[in-house]
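Spelled out, the chains give:
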Amino acid sequence: TRVLVLNGPNLGRLGVREPEIYGADTLDDLVAAAGGWGSELGLDVDARQTDDESQIVSWLHEAVDTRSHVVLNPAAFTHYSYALRDAAAQVTTSGLLLVEVHLSNPHTRESFRHYSVVSGVATGTIAGFGFGSYRLALDAIAARLA
Ligand code: DQA
């Protein structure tokens, strides 16, 4: 079972960017950790990051076309990208799982982070556990498929 782990803008800066919020580990560390958790769970994880909205939209289309489940950290796009929401909706309405994840808990932060345009079309959302959010998301996908 293939799972695309998609990361949005500024997540390539993990380790450098606001480490008090996002931690000291890097995107490479996250990609390695997610791949390892995937193997433990029997999931074929393909983890990617982009700062480009159109790229994430394309990757979500790819998920539909290749019947891949998705773990999505939309980063700031979470809060305003209807294009991302519409692409995410195509994943879940085609019977695939899409788990929205956040490293931080956006609800404890600025008010513009309290609303997600993606949550309403996601299978579920996990936030606030750092890299553990991704692990919980992969666990949830494996459990749902078992
Ligand atoms: C984030 C939370 C978003 O509000 C923020 O724009 C990000 C990262 C998180 O993982 O905590 O870039 O999605």
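Positions within a chain are numbered from 1, following the residues in the order the chain's sequence is written. It should be noted that, the model being predicted, local features are given only for residues of pLDDT at least 70 and side-chain atom pairs only at 80 or more, the latter also being counted only at that level, while totals for whole chains, interfaces and linings use all residues.

In the nomenclature of an unreviewed UniProt entry, the protein is known as 3-dehydroquinate dehydratase of Xylanimonas protaetiae. UniProt positions are given in the numbering used here, feature names are shortened, and annotations may be inferred rather than shown by experiment. According to UniProt, the comment filed for the protein under the heading Sequence similarities (unreviewed entry) is "Belongs to the type-II 3-dehydroquinase family." Its UniProt record gives the protein the following Catalytic activity (unreviewed entry) comment, quoted word for word: "3-dehydroquinate = 3-dehydroshikimate + H2O".

So, on to the overall build of the protein. Across its full length, the protein carries 5 helices and 5 strands. Order of helices (α) and strands (β) in the protein, N terminus to C terminus: β-α-α-β-α-β-α-β-β-α. Between the two quantities, the radius of gyration covers C-alpha atoms and the globule rule is 2.2 Å times the number of residues to the power 0.38. Relative to the compact-globule value of 15 Å for 146 residues, the protein shows a C-alpha radius of gyration of 14 Å, a close match. Counting only C-alpha atoms and orienting by the principal axes, one finds that the protein spans roughly 35 × 35 × 25 Å. Our exposure labels follow a C-beta count within 10 Å of each residue's own C-beta, placed from the backbone: buried means 20 or more other C-beta atoms, exposed means 12 or fewer, and partly exposed covers the counts in between. Within the protein, buried positions represent 36% of all 146 residues. For the purpose of contact definition, each residue receives a C-beta atom placed from its backbone, and two residues are in contact when these atoms lie within 7 Å. For the protein, long-range pairs separated by at least 24 residues make up 76% of all intrachain contacts whose partners lie at least 6 apart in sequence. What counts as a helix is a DSSP run of H or I of at least four residues, what counts as a strand is a run of E of at least two, and both are numbered from the N terminus.

Once that is clear, we can look at unusual backbone geometry. Look at Arg-67: it is not a glycine, yet its phi comes out positive at around 55°. Tracing the chain through its elements places Arg-67 in the loop between helix H3 (53-65) and strand E3 (69-73). Residue classification places Arg-67 among the exposed positions, given that 11 C-beta atoms sit within 10 Å.

This paragraph deals with the site of the ligand. For the ligand, the full set of nearby residues is Asn-10, Asn-73, Ala-75, Ala-76, Thr-78, His-102, Leu-103, Ser-104, Pro-106 and Arg-113. In terms of residue class, the shell around the ligand is built from 4 nonpolar, 5 polar and 1 charged. A residue counts as near a molecule or strand when its C-beta atom, positioned from the backbone, falls within 6 Å of it. Here the nonpolar group is Ala, Val, Leu, Ile, Met, Phe, Trp, Tyr, Cys and Pro; Asp, Glu, Lys and Arg are the charged ones; every other residue, Gly included, is treated as polar.

For the rest of this paragraph, the subject is the environment of Val-99. By the element assignment, Val-99 lies in strand E4 (residues 98-102). For the pair formed by Val-99 and Ala-122, sequence separation is 23 residues and the distance between their alpha carbons is 5.9 Å.

As annotated in UniProt, the feature "site: Transition state stabilizer" (unreviewed entry) corresponds to Arg-17 in the numbering used here. Looking at the secondary structure, you find Arg-17 in the loop between strand E1 (2-7) and helix H1 (19-22). Look at Arg-17 and you get exposed, because 12 C-beta atoms sit within 10 Å. Discounting residues that sit within four places of it in the chain, Arg-17 has contacts with Asn-10 and Tyr-22.

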